[in-house]
Amino acid sequence: MTERNRRVLWFVVFIGCLLPAADLVYRAFIGDLGSDPVETLIRTTGDWAIKLLVAGLLLTPLARILKNPLPIRFRRMIGLYAFFYVCIHLSLYLGLDQGLDISAIVKDVLKRPYITFGMMAFLLLVPLAITSTKKMVARLGPKKWRQLHRAVYVAASFGVVHYYLLVKLDITWPLIYGTILAAALLWRVWQTLPRLARSQAKAARTRA
C-alpha cells in the first residue's frame, strides 16, 4: 500500500469515527432523539465509547496476525476517539442528567455501582489520553509509556462492567465486549510469556 493510500484510509477511518457524533447532532437538530433525548444521547455516546475502546485493543493482535503494521497506525486515533465519546458521555450525564449538582453526582457515584465503575474507567483513561502524543512517549520513555498504557485493559474492563450493570436485562452486547476483551488480554499475556522467560533466563545467567 502506498503512502497516499494509507493517508486516504486514515482519513476514511477518521471520518468514520466522527460519523456517530455527527449523526447525533443531526438527529438532535431535527428532533429525532425519541421520547427521552437525554437518555438517547447518553446511551449512544456510551455505546460508541466502549465499541471504539474494544476495537482499539484488537488492532495490535490484528497487526501481528496479518504480519502487517498498518492497523497499528490507527490505534492512537481510535483510542482518542473512544476518549472523545467517553467525555461527551460523561459531560451529558453531569450536565443534562444531573444538572451539575455536585452533591447529587457524588451520591450517585457512591450509590450506584454502574456509575462507580464508569467513573473509574474515565479516571483511568485520562492519563492515557494525556500521554498519547509522540512527545509524551519520548518524555516517559517507551518502556514506562507501555507500562502506563497497559491500564487501558483495566479501563476497558471497568467500562464493560459499567455497561453490564446498566443494561440489566439484555446483556448480550456487554458479554460480547467482555469476551473480546478477555481474548485480547489472553493474547497479550500469551505474547508476553516468551519474552518474560527470556528475560528471566538472561538474569539467571548474569547472576551465575
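Residues numbered from 1 in each chain as written. Predicted model: local features only at pLDDT ≥ 70, side-chain atom pairs only at ≥ 80, totals over all residues. Heavy atoms only, no water.

**Section: the pattern of salt bridges**
Which entries qualify depends on this criterion: Whenever a carboxyl oxygen of Asp or Glu lies within 4 Å of a side-chain nitrogen of Lys or Arg, that contact is scored as a salt bridge. Strands here are runs of E lasting at least two residues and helices are runs of H or I lasting at least four, both read from the DSSP assignment and numbered beginning at the N terminus. Note on exposure labels: buried denotes an accessible area under 20% of the residue type's maximum, exposed denotes more than 50%, and partly exposed covers the range between, all computed with a 1.4 Å probe on protein chains only.
Within the structure shown, the criterion is met by six salt bridges. Where E3 meets R6, a salt bridge forms, and the shortest distance between an N and an O atom there is 3.4 Å. Pair noted here: E3 and R6 are both in helix α1 (residues 3-29), with a separation of three residues, about one helical turn. Note that R7 and E3 form a salt bridge whose closest N and O atoms lie 3.8 Å from each other. With a gap of four residues between them, R7 and E3 both fall in helix α1, about one helical turn apart. The class for R7 is exposed, based on a relative accessible area of 59%. By relative accessible area, which is 35% here, E3 ends up partly exposed. Where salt bridges share partners, they join E3, R6, R7 and R73 into one cluster.

**Some thoughts on helix α5 (residues 113-130)**
Defined as follows: Expected span of a helix, by definition, is 1.5 Å for each gap between consecutive residues, and there is one gap fewer than residues. In what follows, residue pairs with any heavy atoms lying within 4.5 Å of each other are defined as contacts.
Taking 1.5 Å as the rise per residue, α5 with 18 residues should run 26 Å; its terminal C-alpha atoms sit 26 Å apart, in good agreement. In this structure, the buried side of α5 is in contact with α2 (37-66), α3 (75-97), α4 (102-111), α7 (142-149) and α8 (151-167).

**Observations concerning the environment of L92**
Secondary-structure assignment places L92 in helix α3. The buried category is assigned to L92, whose relative accessible area is 14%. The residues contacting L92, other than those within four sequence positions of it, are L41, I42, T45 and D97.

**Side note on the environment of L148**
Following the sequence through the fold, L148 ends up in helix α7. Given a relative accessible area of 30%, L148 falls into the partly exposed group. Taking the C-alpha atoms as reference, L148 lies 10.0 Å from L124; in sequence the two are 24 residues apart. Contact partners of L148, with chain neighbours within four places excluded, come to P127, L128, T131 and L140.

**Notes on the packing of α5 against α8**
Angle between the axes and distance between the axes are the two parameters that describe a pair of packed helices. We apply this condition: Note on method: axes are straight lines fitted to C-alpha atoms, helices fitted across the in-contact stretch only, with angles between N-to-C directions ranging 0 to 180 degrees. Roughly parallel here means an angle under 35 degrees, roughly antiparallel means over 145, roughly perpendicular means 65 to 115, and every remaining angle is called oblique. Helix crossings get a hand from a simple test, with the near helix turned counterclockwise from the far one by less than a right angle marking a left-handed crossing and a clockwise turn marking a right-handed one. Gly is placed with the polar residues, together with every amino acid not listed as nonpolar (Ala, Val, Leu, Ile, Met, Phe, Trp, Tyr, Cys and Pro) or charged (Asp, Glu, Lys and Arg).
Across the interface, α5 lies against α8 with an axial gap of 8 Å and an inter-helix angle of 155°. One element, α5, and the other, α8, form an angle in the roughly antiparallel class. Considering only the axes of α5 and α8, their crossing is left-handed. Contacts from P113, Y114, I115, F117, G118, M120, A121, L124, L125 and L128 of α5 reach α8 at A151, V152, V154, A155, F158, G159, V161, H162, L165 and L166. Here the contact of α5 with α8 is composed, by residue class, of 17 nonpolar, three polar and no charged.

**Here we look at the environment of A55**
In this structure, A55 sits in helix α2. Considering only alpha carbons, one finds A55 and I180, 125 residues apart in sequence, at a separation of 9.1 Å.

**Brief notes about a nonpolar patch on the surface**
Here is the rule we go by: Patches here: salt-bridge-free residues with over 30% relative accessible area, like charges joined within 9 Å, nonpolar side chains (Val, Leu, Ile, Met, Phe, Trp, Tyr) joined within 5 Å. For accessible areas, the Shrake-Rupley method is used with a probe of radius 1.4 Å. Any residue's cover is judged against the shown protein chains and nothing else.
Side chains of W10, F11, I15, L18, L19 and F84 sit close together on the surface and give an oily, nonpolar patch of about 540 Å² of accessible area. At five residues, α1 tops the list of elements feeding residues into the nonpolar patch. Within the fold, F84 resides in helix α3.

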